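Each chain is listed here by its residues.
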Amino acid sequence: MQRILLLMLMAGAVPAGAQTSQIGREAAIPRHLQDDEEFKIPLADLLAYGKQLFDAKWTIEDGGGRPLTKGTGQPLADPTRPLTGERAFNRISGPDANSCAGCHNSPYGISGGGGDIVANVFVLAQRFDFASFDAKDTEPTRGAVMETNDPATLQDIGDSRITTGMFGAGYLEMLARQMTADLQSIRNTMKHGETRELVSKGIHFGSLTLTRDGRWDYSKVEGLPRLSLLTTTSNDPPSLVIRPWHQAGAVVSIREFTNNAFNQHHGMQATERFGRDQDPDGDGVKNELTRADITAISLWQASLQVPGRVIPNDPAIEDAVLTGEKAFETAGCAKCHVPALPLERPGWVFTEPNPYNPPGNLRTGWAKTYSMDLTAAGLPEPRLRAAHPNDGVIMVPAYTDFKLHDICAPDEKEPLDQNYPAWSRQFRAGNRRFLTRRLWGAGNQPPYFHHGLFTTMRQAVLAHDGEAVESRRAFQHLTRYEQDSVIEFLKTLQVLPPGVKDLVVDEHFRPKVWPPLRGGRPGGAASAVVAPQPGAAR
């Protein structure tokens, strides 16, 4: 922090005599970057500052807490009962944490990772002032009653979701941006009376129709969330934006995710969303997070290392992993958990802001664009890079298709649908569609499934239903050895300890060749069961 403060002093971000005012202060971040200062300090220091923001344990002197506003940013339903004192923390409706790293810290204690079930978040419960379940409270969204005047319960006040790891986030967001551009390019070249298939990187999103009279019919579009299809009138084109964040596909960018989380979980409000020199939450602190702050923490999350594979040097386990890779394909799991997707040049240059950011977040043209090469030396390893310097593609082995799928049994669903407004009937009808889980890193990031209630990957596999029912049945029809081998394969997909640079390692985290060389060729006698490897084009 001292180095960053020195750089800020040199850049003019901090008045030279201001250090004396720090005596007696209890702020997690005593000096914030001012807007445009992010362009005046080295990238390494900007990322270090972003990590400090992620790790910071916010205090009331920073502006932590939101006495007069909900986690949605709206005023309290009852401003006579501010969220102060014993009401300043609420595990369900928030504020519910005083640091990002308090929940995002797994495995190996890595900031930016996933979290134990104790770190689950109640998505959508932040629309309440202070969740109390007090039977005497009849004011909607104050503490115990929903918008419909129905009593809220712990089971339906919000959707309990597992804390998501942000490893490889920069590559994921850039994939989503390229796929959005592909879908929009198809849309923009359509003629009246035409129906076109929406395809990007081999992933099919159904079909879009532009009728002869100029109306857009998206009834056959698949896998996209409501907000990406919503239009003002039928003559307006749908945005078709891929939203890779939140398990219901509700958030466009790391930046939007960050702005949401800061306000909901910590009561820290960004100027780009709430305005400069404003104090909407009534805590007496203005400009709690600058535009430069949000850029720094967004870039830091985008720079996080990618998961790899840990495959022990035990021939029996190696044979099982080879068998499991093949069975994963033959059971149909790879239809949605696509092993690798191509990120095309210059997609590995991450930029802020995301060009598809919604209002309330920094948008293109509002400030200079910051660019960061995700393949650059000095960023946390391991990283994804092109196989050869002249290659125009990097394969991203995330095991996803970025689509929403109904994977629930007929009698199962989330209580609330995040993609509809809270006053609507559809909101209360619940949600059955989830983004295909990114399996890279799944092997050591329990718990599992969207709700984080499963302690094993086998439980998660056997819970697949709806659109995934045939794949689940195919898994159940495998031999017991093949089923066990699929699990053994999934166990290899791990986040690697800090300092490990190779993507595939053995149990001692030493570099490992995979598939193994046996009899002079990959896999030896078992080579017939080798599945396409991450990094190989499909």
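Residues numbered from 1 in each chain as written. Predicted model: local features only at pLDDT ≥ 70, side-chain atom pairs only at ≥ 80, totals over all residues. Heavy atoms only, no water.

K.L.:
Account for the packing of helix 7 (residues 315-330) against helix 11 (residues 480-491), with residues named and values stated.
P.N.:
Across the interface, helix 7 lies against helix 11 with an axial gap of 7 Å and an inter-helix angle of 100°. What the angle tells us is that helix 7 and helix 11 run roughly perpendicular. Of helix 11, the residues touching helix 7 (which contributes Ile317, Asp319, Ala320, Val321, Thr323, Gly324, Glu325, Ala327 and Phe328) are Tyr481, Glu482, Ser485, Val486, Glu488, Phe489 and Leu490. Residues of the contact of helix 7 with helix 11, tallied by class, amount to nine nonpolar, three polar and four charged. (Axes fitted to C-alpha atoms, helices over the stretch in contact; angles between N-to-C directions. Helix = DSSP H or I, 4+ residues; strand = E, 2+ residues; numbered from the N terminus. Parallel < 35°, antiparallel > 145°, perpendicular 65-115°, else oblique. Contact = heavy atoms within 4.5 Å. Nonpolar A, V, L, I, M, F, W, Y, C, P; charged D, E, K, R; others polar.)

K.L.:
Describe in detail unusual backbone geometry, supporting the description with residues and values.
P.N.:
Look at the link from glutamate 352 to proline 353: it is a cis peptide, with omega at 5°. The residue proline 353 is located in the loop between strand 8 (349-352) and strand 9 (370-373) in this model. Look at the link from proline 446 to proline 447: it is a cis peptide, with omega at 0°. In this model, histidine 246 sits at a positive phi of 75°, which is unusual for a non-glycine residue. Within the secondary structure layout, histidine 246 lies in the loop between strand 5 (216-217) and helix 4 (254-266). The exposure class of histidine 246 is partly exposed, given its relative accessible area of 23%. Here the phi dihedral of phenylalanine 509 falls at roughly 65°; this positive angle occurs in a residue that is not glycine. Its place among the elements puts phenylalanine 509 in the loop between strand 14 (504-505) and strand 15 (517-518). Taking relative accessible area as the criterion, phenylalanine 509 reaches 32% and is therefore assigned partly exposed. (Buried < 20%, exposed > 50% of the residue type's maximum accessible area, 1.4 Å probe, protein only.)

K.L.:
So what's going on with the sheet that holds strand 6 (residues 308-310)? Residues and values would help.
P.N.:
The strand order across the open sheet built from three strands is 13-6-14, with neighbouring strands paired in mixed fashion. Looking at the sheet topology across the chains shown, the edges are occupied by strand 13 (493-494) and strand 14. Of the pairings in the sheet, the one linking strand 6 to strand 14 comprises two bridges and is parallel in character. Looking at the pairing, valine 310 lines up with valine 505 of strand 14. (Pairing = 2+ DSSP bridges.)

K.L.:
Explain the packing of aromatic side chains residue by residue, including any values.
P.N.:
Counted by the stated rule, this structure contains seven aromatic pairs. For the ring pair tryptophan 58 and phenylalanine 262, a centre distance of 6.0 Å and an interplane angle of 75° mean the geometry is edge-to-face. Of this pair, tryptophan 58 sits in the loop between helix 2 (43-55) and strand 1 (121-123) while phenylalanine 262 is found in helix 4, placing the two residues 204 residues apart along the sequence. Its relative accessible area of 6% is what places tryptophan 58 among the buried residues. Clustering of aromatic rings is evident, with ring pairs tying together Phe328, Tyr399 and Phe489. Across the ring face of phenylalanine 350, the terminal group of arginine 177 is positioned such that the distance to the ring centre comes to 4.8 Å. Taking NZ or CZ as reference, lysine 403 lies 5.7 Å from the ring centre of phenylalanine 205, over its face. (Phe/Tyr/Trp six-rings, centres within 6.5 Å; stacked < 30°, edge-to-face > 60°. Lys NZ or Arg CZ within 6 Å of the ring centre and 35° of its normal.)

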